[in-house]
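If you want the building blocks of each chain, they are given just below.
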Protein chains: 2
Amino acid sequence: MTSLLNEMAKQTSSWLSGDGDENMVVISTRIRMARNIAGYKYPTAADKETNEKIVGHFSAVHEKSDCMKDGAFVRDTDLSQLDKDFLVERHLMSPNFMHDNNSRALYLSRNEQISIMINEEDHIRMQSLVPGLNPEKALQTISQYDAEIGKYLEFDYDADFGFLTSCPTNVGTGLRTSVLIHLPGLVITKEIDRVIAKITKMGVAVRGFYGEGTDVLGNLFQVSNQKTLGISEKETLESLTTVCRYIIEEEAHSRQLLVDEAFEQIRDKIWRSYGILKYAHVLTSEEVMNLLSALRLGIAIGVIDFIDIPLINEILLFSQPAHLQKYYMEEMDQDRRDFIRAQMVREKFAAFKI
Amino acid sequence: MTSLLNEMAKQTSSWLSGDGDENMVVISTRIRMARNIAGYKYPTAADKETNEKIVGHFSAVHEKSDCMKDGAFVRDTDLSQLDKDFLVERHLMSPNFMHDNNSRALYLSRNEQISIMINEEDHIRMQSLVPGLNPEKALQTISQYDAEIGKYLEFDYDADFGFLTSCPTNVGTGLRTSVLIHLPGLVITKEIDRVIAKITKMGVAVRGFYGEGTDVLGNLFQVSNQKTLGISEKETLESLTTVCRYIIEEEAHSRQLLVDEAFEQIRDKIWRSYGILKYAHVLTSEEVMNLLSALRLGIAIGVIDFIDIPLINEILLFSQPAHLQKYYMEEMDQDRRDFIRAQMVREKFAAFKI
């Protein structure tokens, strides 16, 4: 696993490739699927022995399964705190997972399209992450793993309810789809609260960059479905896609409004952000996210035509604290990180002769 | 005069050449000399007829005098509001002068080393402006004009008091020396109040960029002597020079402190200022002054080695509202100015490939 992580630390995540549907607004789509193995207490209630058995069961599946050959399986105890933070930053692990030592484990495919957490809230939590707005692709990937694991392990399933989960909000499909979406237009025009209020009524939740309970940084929002019971997987996906299309339309409208009514101010903000990123010698992670947000908008509305989205995503990813430390293979305190982060961005921007 | 002003509108003032003693701290030295013609009420108390006579007397001197050949003499009524603002920005005219039509006039030498206001607070107020810390040079220039005018006109002079002036604070030498000084170190280290308190006790006044009652912009302060009575011209100059040397020493100490203890932050601030100036599309006059202040400090402490002080001064001068409009020969509202100002700065900075 450590070698896989070190390899990852040198490259962008595939979900940040900048490709995919609606890539000027939607960064990525994630599907998370919760499964529990029949006959065992769920992690929130189980003792260490039970948890260990679950890890053992999954480990056996991992060894037998063909589709998990090109990846790594690791115990919580084998990961350093920096590695854990790195995986959270990469959105391959939930922030709370592995923060206490409780017989947890993680499977990660080399291409990062799939990650599987063992003994998080449920025995098995699979996640598939793809660029752009593409829940179908994510579901396709995750279903393959679901079917594969289901060949070896019996899942808790109720004919009436569907898949059973630790938290009742996941019972049914056990599926949560979330879309990482960039909404600078709605934030700047102050329309964001209205839109959030409306989509909340449509049954979706809106969260910050790192998921539940985290702040909105760089105008990046995570939008996810809330309903899992009495609904099919297909319906879940369709309903979230409908909400996303609505948000995208509202965002497009706001961006057009900015272009029509405040173009000089917006262009100024975008170019200043470029100037600061290009020359700053101290940059916090949060500031980088906000500056990149302006550049991302600038690319979308055609103010900036010499930077591409993959570079924006790359900087977004690597300017995070653990990524920075993994990349430079150096433990750094915050001051040092802010300094090295600015240096990294300057190096990447030095190529631009504008 | 209009042709002289249009000529000036294309070039930097000689007092902003960036040369002269202590040019990393001191922008320029100005000497102002107040004189009144014997037998006439002073402008603050005189009627229009008297004022007109004074203008007539000076006009006659101007025509006869050799040293005033290469310059222009203009009546207040012949200057547009924009021209007046332009002259104030260039520090060739006091802000209040010519703001009411009261038989006023102005002489200006082509090299801008001397300007003479007729019927400001006193009948004659001569000003000499030179780059760097150089009161001797300014006095030399002004004395030449003082002597020349004195050949033709009798000044109000009292054997006990010295030269008589409208305001008692100028009686004696009639001389006010002021030095435009850049004190970012003292401002950033928050030592400025202590230093101002101390020099105020030493008998000098501290004012903002445009003189009495104006704000401090871009960390530029005007330091001037207060005492004119019972003191010789030489003593006045020496005493102000002593105060300036003290301020320069304190400023140097603060800059060294910044370099030693907060170099990363200062370098960051300087480079960010460069980045914003290089790429902003909207810039207020005030913001430009503050950004230029950071660059000026950057040049002084060696962080920036590819920009020189004359360019900083040129931008400082031409980013002012009236200069901008004179230069582009276009009347502009504030939004337009902020846009054109940014464009001008970008054009000047485009030469830098860093």
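In the block above lies the structure referred to throughout.
Quick caveat, the model's predicted, so the values are computed rather than measured.

Details of the sheet that holds strand β1 (residues 26–35) of chain A
Residues and elements named next belong to chain A.
- Taken in spatial order, the eight strands of this open sheet run β2-β3-β4-β5-β1-β8-β10-β9, and their pairing is antiparallel. What marks the edges here is a single partner per strand, and that holds for β2 (71–75) and β9 (204–207). Along the sheet, successive strands turn relative to each other by an average axial angle of 15 degrees, direction set aside.
- Taken together, the four bridges between β9 and strand β10 (residues 220–225) define a ladder with antiparallel strand orientation. Across the sheet, residue Val-204 finds its bridge partner in β10, namely Asn-225.

Structural notes on the relation of the copies chain B and chain A
- Note on the copies: chain B fits chain A at an RMSD of 0.0 Å, the axial shift is 0.0 Å, and the rotation between them is 180 degrees. Seen this way, the second copy is the image of the first under a two-fold rotation axis. Residue Gly275(B) of chain B places its C-alpha closer to the rotation axis than any other residue of that unit, at 2.1 Å.

Here we look at the packing of aromatic side chains
- Across all of its chains, the model carries 27 aromatic pairs over all chains by this definition.
- Measuring from ring centre to ring centre gives 5.0 Å for Tyr327(A) and Tyr328(A), while their planes differ by 75 degrees; the resulting arrangement is edge-to-face.
- Classification of Tyr327(A) as partly exposed rests on a relative accessible area of 28%.
- Its relative accessible area of 24% is what places Tyr328(A) among the partly exposed residues.
- Consider the rings of Tyr157(B) and Phe163(B), whose centres lie 4.8 Å apart with planes at 70 degrees: the pair is edge-to-face.

Thoughts on the environment of Lys10(A)
All names here are of chain A.
- The residue Lys-10 is located in the loop between α1 (2–8) and β1 in this model.
- Taking relative accessible area as the criterion, Lys-10 reaches 46% and is therefore assigned partly exposed.
- In sequence terms Lys-10 and Glu-330 are 320 residues apart; their C-alpha atoms lie 14 Å from each other.
- Non-local contacts of Lys-10, meaning those with residues more than four positions away in its chain, are made with Phe-318, Tyr-327 and Met-329.

Observations concerning the interface of chain B and chain A
- Between chain B and chain A, the residue contacts involve 17 residues of the former and 17 residues of the latter.
- Three residues stand out in chain B for area buried against chain A, namely Arg272(B), Tyr279(B) and His281(B), and they jointly supply 39% of the buried area on that side.
- Inspection of the chain B/chain A interface yields two salt bridges.
- For Glu287(A), the salt bridge goes to Arg272(B), with nearest N and O atoms at 2.7 Å.
- Here chain B is connected to chain A by ten residue pairs in polar contact (both at pLDDT 80 or more).

Rules behind the numbers
- For every chain, the first residue of the written sequence is number 1, and numbering continues from 1 onward in sequence order.
- Chains and ligands are labelled by the order in which they are written, letters from A for the one and numbers from 1 for the other.
- Given that this is a predicted model, residues contribute local features only at a pLDDT of at least 70 and side-chain atom pairs are listed and counted only at 80 or more, while totals for whole chains, interfaces and linings are drawn from all residues.
- Each side-chain value is worked out from all heavy atoms of the structure, with water and hydrogens disregarded.
- Strand pairing requires that DSSP identify at least two bridges connecting the strands.
- The way it works is that DSSP assigns letters per residue, a run of H or I at least four long becomes a helix, a run of E at least two long becomes a strand, and they are numbered from the N terminus.
- Axes here mean lines fitted to C-alpha atoms, for a helix over just the part in contact, with angles spanning 0 to 180 degrees between N-to-C directions.
- When the copies are overlaid, the least-squares fit takes in C-alpha atoms only where the residue has pLDDT of at least 70 in both copies.
- In this scheme Phe, Tyr and Trp rings, the latter by its six-membered ring, pair at centre separations within 6.5 Å, and the angle between planes marks the pair as stacked below 30 degrees, edge-to-face above 60, and tilted otherwise.
- The classification of residues rests on relative accessible area computed with a 1.4 Å probe and restricted to protein chains. Under 20% of the type maximum is buried, over 50% is exposed, and intermediate values are partly exposed.
- Any two residues having at least one pair of non-hydrogen atoms within 4.5 Å are treated as being in contact.
- For any pair of parts, buried area is found by adding up, for both, the accessible area (1.4 Å probe) each one loses once the two are put together.
- Definition used for salt bridges: Asp or Glu carboxyl oxygen within 4 Å of a side-chain nitrogen of Lys or Arg.
- Counted as a polar contact is a pair of N or O atoms within 3.5 Å, where, for protein atoms, one must be capable of donating a hydrogen and the other of accepting one, and residues adjacent in sequence contribute only when both atoms are in side chains.

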